[in-house]
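# Coordinate inspection notes
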Amino acid sequence: MTPEQLRDLVRTAVAAVVERGTLAVAVPDDVLVERPKNPEHGDYATNVALRLAKPAGMPPRAVADLLAEELRAQPGVARVDVAGPGFLNVTLAQGALGQIAVRAVTAGEGYGRTDTLAGQRLNLEFVSANPTGPVTLGSTRWAAVGDALARLLESSGAEVSREYYVNDAGAQIERFARSLQAVALGRPVPEDGYQGDYVGEVAARVVADEPGLLERPEDEQVAVFAERGVAAMVADIRSTLEGFGVRYDTFFSERTLHESGALEKAVATLREQGHVFEADGAVWLRTTVFGDDKDRVLVKADGEPTYFAADCAYYLDKRARGFDRVVIMLGADHSGYVGRYKALVAASGDDPDTHLEILIGQLVNLVRDGEPVRMSKRKGNFVLLTDLVDAVGTDAARYALARASVDQTIDIDADLWSRRTNDNPVFYVQYAHARISSVLRNAADLGLALGEAGDVDAGLLVHERENDLLRAIGEFPRVVTSAAELRAPHRVARYLEELAGTYHRFYDACRVLPRGDEEATPLTTARLWLCAATAVVLRNGLGVLGVSAPERM
RNA sequence: GCGCCCGUAGCUCAGCGGAUAGAGCAGGUGCCUUCUAAGCACUUGGUCGCAGGUUCGAGUCCUGCCGGGCGCGCCA
């Protein structure tokens, strides 16, 4: 029996007692059935009686007693205890737990997938770093977390479109182009220009692709450097991210918004809604009525649109493309943006709480010799995605970034990360998968196969370590849905570490394959199913994080 | 000054209002002639920043302090 099935049983029990008139409450939709930390508290526990006590006007333990009696009659339930303030501790019947292994193996890649978000179309924007330099360590965090989140949401049944907003317009690009030009001409880079080594490389590439460029008028040169320089940078960013396992459905060019007149249209739309006004020669959006700190300029006094005007146009474009929900991941250095963004959504007539979701994540620092290294795209002094991958590999990089809560600022110790030690839990998890793969290989060599689901007696799995493992495997679907709901991919990583540990303890305590000239028994088969089920979950879980599940290490 | 995030073991961090607060690393003691020791068992280590409040119950929610990070442009 899976925890989901037990949850349904509990709900049915509540409904039955209510039906009989002994309990006067509304049957709750969200009954919590969880795995107790203390093994003496049975296989599963629910606090439903504690929840219902107040609305029912009865003591928690009295409610619990009613439900316990009802539950005891259910098939697959061996024992129900009322404990503490009113918890229901459920012990499943012999063999009921073992079915979890069969279910996981049978479902395979589908184990952990649900339809809780079915029908939702959402647009997830992440990274969106300016195309004026390579992908930095800070952006790498959003690549790892954003991609994992996309996979999580998809696992919960949502339709997710991954999007990268390319800021290929504006003064930043102008500065970038002038920097490229300066380097190409052998001049010093302007004070406010870009100075990494890559600037020279990109400049050389542009010159090579455009013979005679440096003999043309300077204005023309800048235009060419802007056009081709940005194109080269975007191509570089794209291939870097693909190498990192992150693919986008759309690279959206800001410039197309400018060229299509979308900004003017956006301003007009907001004006129709009655939230645009003129002051000091500029055009403003009255965002303060929707909770923003101050009103925001859409068109400057010099007639140029602001970055915010492009944001307005961009948001409206996403909505016009049919997305129910626009999700944007931003670094904490952009947290000041939330207020105006929410306000623009409200000003456009949408609901800022349902149509827009902004996820703010804290920054990543590189620490070297105990001192944080400042990262700035202008100076050449920054750590790149490629540096991180070169040092620890894609798997470790993705895992390490995805296993921390985004609310937490991460300090990455350069020495620790360039070392290859088991400080990194990804090896612990991957090792469990490799270990299982080895057992299954050896089983195949002995001519042992899993066989059909009907042929395995999962009820033979009665060892404490086996039960621990079964319960852990049973948790996976819930871990996925809750991680998706909470936008917290790191929960999957933490869960996998627990699962790996649980497997290692099982492996240590329970021999799977026959030794020497022993014969295989039905227990051998049952344990092989348990191993296979664990491998399924490890693969699916690592897959959510975009990390490989190696068969050998 | 205002807004957001953080403060949990020596270190890095988990912890969806539930029972005796966890993991990894670091320290200590053990376990490989047969399935991967990148593992396992045992052990040391806590005023969950401080003070109030909410309730059957608070590391978790609310308020106020203290300490640290980020942000507050007609920049992008």
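The name given to chain A in an unreviewed UniProt entry is Arginine--tRNA ligase, with the source organism recorded as Geodermatophilus aquaeductus. In the Sequence similarities (unreviewed entry) part of its UniProt record, chain A is described as follows: "Belongs to the class-I aminoacyl-tRNA synthetase family."

### What to know about unusual backbone geometry
The backbone of Val 127 sits at a positive phi, close to 70°, despite the residue not being glycine. The topology assignment puts Val 127 in the loop between β5 (121-125) and α5 (137-155). You will see that Asp 280, though not glycine, has its phi angle at about 50°, which is positive. A relative accessible area of 73% means that Asp 280 is categorised as exposed.

### Points about the protein's contact with RNA strand B
Taken together, 66 residues surround RNA strand B, and among them Phe 87, Tyr 431, Arg 435, Ser 438 and Arg 491 come closest. Backbone sugar and phosphate groups make up 62% of those atoms of RNA strand B lying within 4 Å of the protein. Between a sugar or linking oxygen of RNA strand B and a main-chain N or O atom of Asp 333, the distance comes to 3.4 Å. Per-element tally for the surface near RNA strand B: the top contributor is helix α16 (residues 425-445), with nine residues. Considered class by class, the residues forming the surface near RNA strand B number 26 nonpolar, 20 polar and 20 charged.

### A word on the packing of helix α11 (residues 307-320) against helix α12 (residues 338-347)
At a minimum axis distance of 10 Å, the contact between α11 and α12 shows a crossing angle of 50°. For the element pair α11 / α12, the angle class is oblique. Seen along the crossing, α11 lies across α12 with a hand that is right-handed. For the pair α11 and α12, contact is made by Phe 308, Asp 311, Cys 312 and Tyr 315 and by Arg 340, Tyr 341, Leu 344 and Val 345, respectively. Taken together, the residues that form the contact of α11 with α12 break down as six nonpolar, no polar and two charged.

### Examining the pattern of salt bridges
Scanning all chains against the criterion turns up 33 salt bridges. A salt bridge links Glu 159 to Arg 121; the shortest N-O distance between them is 3.3 Å. Of this pair, Glu 159 sits in strand β6 (residues 159-166) while Arg 121 is found in strand β5, placing the two residues 38 residues apart along the sequence. For Glu 159, a relative accessible area of 46% puts it in the partly exposed group. Exposure remark for Arg 121: the relative accessible area of 28% places this residue in the partly exposed category. Salt bridges sharing partners connect three or more residues here, namely Asp 43, Glu 464, Arg 465, Asp 468 and Arg 471.

### Re the environment of Val 183
The topology assignment puts Val 183 in helix α6 (residues 171-184). Look at Val 183 and you get partly exposed, because its relative accessible area is 31%. Considering only alpha carbons, one finds Val 183 and Phe 476, 293 residues apart in sequence, at a separation of 54 Å. The residues contacting Val 183, other than those within four sequence positions of it, are Val 189, Val 199, Gly 200 and Ala 203.

### Details of the environment of Glu 19
The residue Glu 19 is located in helix α1 (residues 3-19) in this model. Taking the C-alpha atoms as reference points, Glu 19 and Ser 405, 386 residues apart in sequence, are found 44 Å from one another.

### Section: the environment of Gly 138
Within the secondary structure, Gly 138 sits in helix α5. Counting along the chain gives 39 residues from Gly 138 to Gln 99, while the straight-line C-alpha distance between them is 44 Å.

### Quick look at the sheet that holds strand β4 (residues 87-92)
Spatially, four strands are ordered β1-β2-β4-β3 in an open sheet, and the strand pairing comes out antiparallel. Either end of the sheet is taken by a strand with one partner, and the two such strands are β1 (33-34) and β3 (77-83). In terms of strand pairing, β1 meets strand β2 (residues 44-46) through two bridges, oriented antiparallel. By the bridge assignment, Val 33 is partnered in β2 with Thr 46. Those strands touched by helix α3 (residues 60-72) are β3 and β4, and its axis lies near 175° from that of β3.

Cut-offs applied
- Residues numbered from 1 in each chain as written.
- Chains lettered and ligands numbered in written order.
- Predicted model: local features only at pLDDT ≥ 70, side-chain atom pairs only at ≥ 80, totals over all residues.
- Heavy atoms only, no water.
- UniProt positions renumbered as here; feature names shortened; annotations may be inferred.
- Helix = DSSP H or I, 4+ residues; strand = E, 2+ residues; numbered from the N terminus.
- Buried < 20%, exposed > 50% of the residue type's maximum accessible area, 1.4 Å probe, protein only.
- Near = heavy atom within 4 Å.
- Polar contact = N/O pair within 3.5 Å; in protein donor to acceptor, adjacent residues only side chain to side chain.
- Nonpolar A, V, L, I, M, F, W, Y, C, P; charged D, E, K, R; others polar.
- Axes fitted to C-alpha atoms, helices over the stretch in contact; angles between N-to-C directions.
- Parallel < 35°, antiparallel > 145°, perpendicular 65-115°, else oblique.
- Left-handed = near helix turned anticlockwise from the far one by under 90°.
- Contact = heavy atoms within 4.5 Å.
- Salt bridge = Lys/Arg side-chain N within 4 Å of Asp/Glu carboxyl O.
- Pairing = 2+ DSSP bridges.

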